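Close look at the chain arrangement
The residues making up each chain are set out below.
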Amino acid sequence: MFETFGLTQIGSNADYSIDDLKKQLSGRLQGVQMMELPPFNQVAEAYDPTRDQYHSTRLLVLLEELAQSANVTNLLGVTSLDLYVPGMNYVFGEARCPGRVAVISTCRLNPTPQTQHALLEERIVKEAVHETGHMLGLRHCSDEACVMHFSEHLADTDKKHDDFCSECRSSLRWLEVE
Ligand SMILES: [Zn+2]
Ligand SMILES: [Zn+2]
């Protein structure tokens, strides 16, 4: 179980407040101490100029160093930077599975002025809970309604719930996730 769960904004362009996400996650990770770390901007080495995107796995390495120095057991980075892994055009996020760190990006969650705030929030929370599930060791779930279902497109994200299916939840029963 997480002891201290850190949250940090990566880069300056926030589409969403870390404080709001902290509140949303606190309600789901009962008894876990959530702390907001200062914004983290030393991410130049994860940038790929040929793609104009950030390599999410390289970001995870940087976040692991930050988690170590900030002395948190787990760390979720939230960014509006565009993330990718080789072989995919983009990713909504990535996590060590199981592991200490994860990152999510709002870039592909359609954070336009036309997107309703409630919808954007719903998508961000789903991606955050999904990557948190990976940190706890959960793999992708075949249930389309489960938060651990893989989202390739935004439609997949919108189809799933922001919670674990009963099977995933029973894998997590040692953790108090509400
Ligand atoms: Zn996943
Ligand atoms: Zn599931």
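Quick note: structure is the one above.
What comes next concerns the included structure. (Residues numbered from 1 in each chain as written. Chains lettered and ligands numbered in written order. Predicted model: local features only at pLDDT ≥ 70, side-chain atom pairs only at ≥ 80, totals over all residues. Heavy atoms only, no water.)

**Structural notes on the overall build of the chain**
Within the chain one finds five helices and eight strands. Listed N to C, the secondary structure of the chain is β-α-β-β-β-α-β-β-β-β-α-α-α in terms of helices and strands. Dimensions of the chain, computed from C-alpha atoms along their principal axes, come out at roughly 45 × 35 × 30 Å. When each of the 178 residues of the chain is scored for burial, the buried share is 51%. (Helix = DSSP H or I, 4+ residues; strand = E, 2+ residues; numbered from the N terminus. Buried < 20%, exposed > 50% of the residue type's maximum accessible area, 1.4 Å probe, protein only.)

**Some points on the coordination of the zinc ion (ligand 2)**
Within the protein, the zinc ion (ligand 2) binds to C141 (SG), C146 (SG), C165 (SG) and C168 (SG); these donor distances fall in the range 2.3 to 2.4 Å. In this structure, the zinc ion (ligand 2) is surrounded by four donor atoms whose angles at the metal cover 106 to 112°, and the resulting shape is tetrahedral. For the zinc ion (ligand 2), the donor residues sit on a single chain with the sequence spacing C-x4-C-x18-C-x2-C. Here C165 lies in the loop between α4 (154–159) and α5 (166–171) and C146 lies in the loop between α3 (117–135) and α4, a separation of 19 residues in the sequence. For the pair shown, C146 and C165 are each scored as buried. (Donors = N, O, S within 2.8 Å, 3.2 Å for Na, K, Ca; no water. Tetrahedral: all angles 85-135°; square planar, octahedral: opposite > 155°, others 65-115°.)

**Here's the deal with the coordination of the zinc ion (ligand 1)**
For the zinc ion (ligand 1), every protein donor is listed as H130 (NE2), H134 (NE2) and H140 (NE2), and the spread of their distances is 2.0 to 2.1 Å. Judged by relative accessible area, H130 falls into the buried class, the value being 3%.

**Here's the deal with the nonpolar core**
The biggest cluster of nonpolar side chains holds 35 residues, and the ones touching the most others in it are F5, L21, L25 and L76. Considering each element in turn, this core owes the most residues, six residues, to α3. With residues up to four places along the chain from it excluded, the contact list for L76 reads F5, G6, L7, T8, L21, L25, A102, V103, I104 and A128. (Core = buried A, V, L, I, M, F, W, Y, C linked by side-chain atoms within 4.5 Å. Contact = heavy atoms within 4.5 Å.)

**Here's the deal with the sheet that holds strand β7 (residues 93–95)**
The strand order across the open sheet formed by five strands is β2-β1-β5-β8-β7, and the pairing between neighbours is mixed. Either end of the sheet is taken by a strand with one partner, and the two such strands are β2 (33–36) and β7. When strand polarity is set aside, the average angle formed by the axes of neighbouring strands in this sheet is 15°. Pairing geometry for β7 and strand β8 (residues 101–105), over three bridges, is antiparallel. When the sheet's bridge partners are listed, E94 is paired in β8 with V103. Sheet strands in contact with α3 are β1 (4–10), β5 (74–79), β7 and β8, and its direction is about 160° off that of β8. (Pairing = 2+ DSSP bridges. Axes fitted to C-alpha atoms, helices over the stretch in contact; angles between N-to-C directions.)

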